[in-house]
Amino acid sequence: MRYPGLFVIVAMAALLGACSSKPVRVPTPIEPINASFTPELLWETQVGSGIGEYYLRLMPAVGDKILYVADHSGTLAALEQSTGERLWQVDLELPITGGVGIGAARLFVTTREGRVVALSTDDGHQLWESLVSTEVLSVPVNAGSHVLVHTTDGKLFALDSSTGRVQWTYDRSVPVLNLRGTSTPVVAQGVVFDTFSSGKLAVMQLQTGKVLLEQAMAIPQGRSDLERMIDADAGPLLDGNVVYVATYQGRIVALNLQTGRQLWERKASVYQPMAIDDKYLYVTDADDAIVAYDKRSGSPVWRN
């Protein structure tokens, strides 16, 4: 006879026991901020009901002076960027989980069931629908003749942007335990860069999917699955001939793309997308601190 309730209690006890081995981190008190300026609200509007109780990153897409915004329930709207005027709105009646992708007069959204839907930027009418292996949480990336979609089971699909047909697939196993989320692939000069929950960076030819490089950006450490998570949800960040990759409970690595040589590395735990300017690499680490690193040396410049 099975006792599902007893299994849940035992599992919860084990989890609580594992969590109790580490001290509780007390948040740093937030000091008062004296604002140096007051922002001016230009306009505001609401599209649908947001993400609800789900952990999603429904990023809007920016077109030619138009914002394209979606909510989890399937509402998709086009807003005039300067005024917020609603140009059109459609209800797809689909549970949208990935942000809005854009390119070549098309919009791309993804769903919990693994649907990829292409729509016209003119009025939101559906152009095609395709099915991938499972849920998609990242933004579909338009790359000319291809649309790249990273699924939660560790696959990267390249679809024909005109028809939705699968052109090629990159498939690698995923760890037993990983963060909820995936990285967003980056395309430059006919080459695709993406990172995966195994902590690896993969570089592929856009047209064929041929793997040009696979490299581990972090090595799992610890005894439990929790301690060994090295998810790379932050995604790769390209800057000329340098690619920056960050992993959860791992490190930040800068690689020279021409030589494959590692330029520098710093121990860090990052799962949010990174940003750069002329001098610095900016990350938000797992402790909610914003850190600026010197792009050339990797030396931390400041932490807030």
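Residues numbered from 1 in each chain as written. Predicted model: local features only at pLDDT ≥ 70, side-chain atom pairs only at ≥ 80, totals over all residues. Heavy atoms only, no water.

Novice: Outline the pattern of salt bridges, supporting the account with residue identities and numerical values.
Specialist: In the structure shown here, the tally under the stated rule is 8 salt bridges. The residue aspartate 153 makes a salt bridge to lysine 155 at a minimum N-O spacing of 3.0 Å. Its relative accessible area of 23% is what places aspartate 153 among the partly exposed residues. Its salt-bridge partner being aspartate 285, residue arginine 303 comes within 3.0 Å of it at the nearest N-O pair. You can see arginine 303 sitting in strand β24 (residues 300–303) and its partner aspartate 285 sitting in the loop between β22 (280–284) and β23 (290–294), a full 18 residues away along the chain. Its relative accessible area of 53% is what places arginine 303 among the exposed residues. Owing to a relative accessible area of 10%, aspartate 285 belongs among the buried residues under this scheme. Through salt bridges that share partners, Asp153, Lys155 and Asp171 make up one connected network. (Salt bridge = Lys/Arg side-chain N within 4 Å of Asp/Glu carboxyl O. Buried < 20%, exposed > 50% of the residue type's maximum accessible area, 1.4 Å probe, protein only. Helix = DSSP H or I, 4+ residues; strand = E, 2+ residues; numbered from the N terminus.)

Novice: Quick rundown of the packing of aromatic side chains? Include the residues and the values.
Specialist: Going through the model one piece at a time under the given rule, you end up with 8 aromatic pairs. Ring centres of phenylalanine 108 and tryptophan 128 lie 6.1 Å apart, and the angle between their planes is 45°; on these two criteria the pair is classed as tilted. On the criterion of sequence distance, the pair formed by phenylalanine 108 in strand β6 (residues 106–111) and tryptophan 128 in strand β8 (residues 126–131) is long-range, its members being 20 residues apart. Comparing phenylalanine 108 with tryptophan 128, the two get one shared label, buried. Relative to tyrosine 282, the ring of tyrosine 280 lies with its centre 6.2 Å away and its plane at 80°, an arrangement referred to as edge-to-face. Accessibility expressed as a relative area gives 23% for tyrosine 280, which makes it partly exposed. An aromatic cluster is present here, built from Tyr244, Trp264 and Tyr293 joined pairwise through their rings. (Phe/Tyr/Trp six-rings, centres within 6.5 Å; stacked < 30°, edge-to-face > 60°.)

Novice: Explain a nonpolar patch on the surface residue by residue, including any values.
Specialist: Together, Val176, Leu177 and Leu226 line one region of the surface with nonpolar side chains, adding up to about 280 Å² of accessible area. Within the element layout of this structure, leucine 177 appears in the loop between β12 (166–171) and β13 (186–188). What makes leucine 177 partly exposed here is its relative accessible area of 34%. (Patch = residues over 30% accessible without salt bridge, like charges linked within 9 Å, V, L, I, M, F, W, Y side chains within 5 Å. Areas by Shrake-Rupley, 256 points an atom, 1.4 Å probe, with all protein chains shown as cover.)

Novice: Quick rundown of the layout of surface pockets? Include the residues and the values.
Specialist: In this structure, the second largest pocket encloses a volume near 540 Å³. Along the walls of the second largest pocket sit 30 residues, with Met59, Ser138, Val139, Thr184 and Pro273 positioned nearest its centre. Where the lining of the second largest pocket is concerned, the elements lending two or more residues are β5 (96–103) and β9 (141–143). Ranked by residues supplied to the lining of the second largest pocket, first place goes to β5 with 4 residues. Tallied by class, residues from the lining of the second largest pocket come to 18 nonpolar, 9 polar and 3 charged. (1 Å grid on protein atoms, 1.4 Å probe; cavity = no way out; pocket = protein on both sides within 12 Å on 5 of 7 lines; lining within 4 Å. Points joined across faces, edges and corners; volume = space filled by probe spheres on them. Nonpolar A, V, L, I, M, F, W, Y, C, P; charged D, E, K, R; others polar.)

Novice: Lay out the pairing of strand β10 (residues 146–150) in plain terms, naming residues and giving numbers.
Specialist: The buried fraction of β10 is high, at 5 of 5 residues. Residues His146, Leu148 and His150 point to one face of β10 and Val147 and Val149 to the other, with burial holding for every one of them. Pairing of β9 with β10, which is carried by 3 bridges, proceeds in the antiparallel orientation. Bridging from a neighbouring strand, valine 141 pairs with leucine 148 of β10. Remark: 2 residues form the turn of the hairpin made by β9 and β10, two consecutive strands paired antiparallel; glycine 144 in that turn has positive phi of roughly 75°. For β10 and strand β11 (residues 155–160), the ladder comprises 5 bridges, and the chain directions are antiparallel. (Pairing = 2+ DSSP bridges.)

Purely geometric numbers; function is a separate question.
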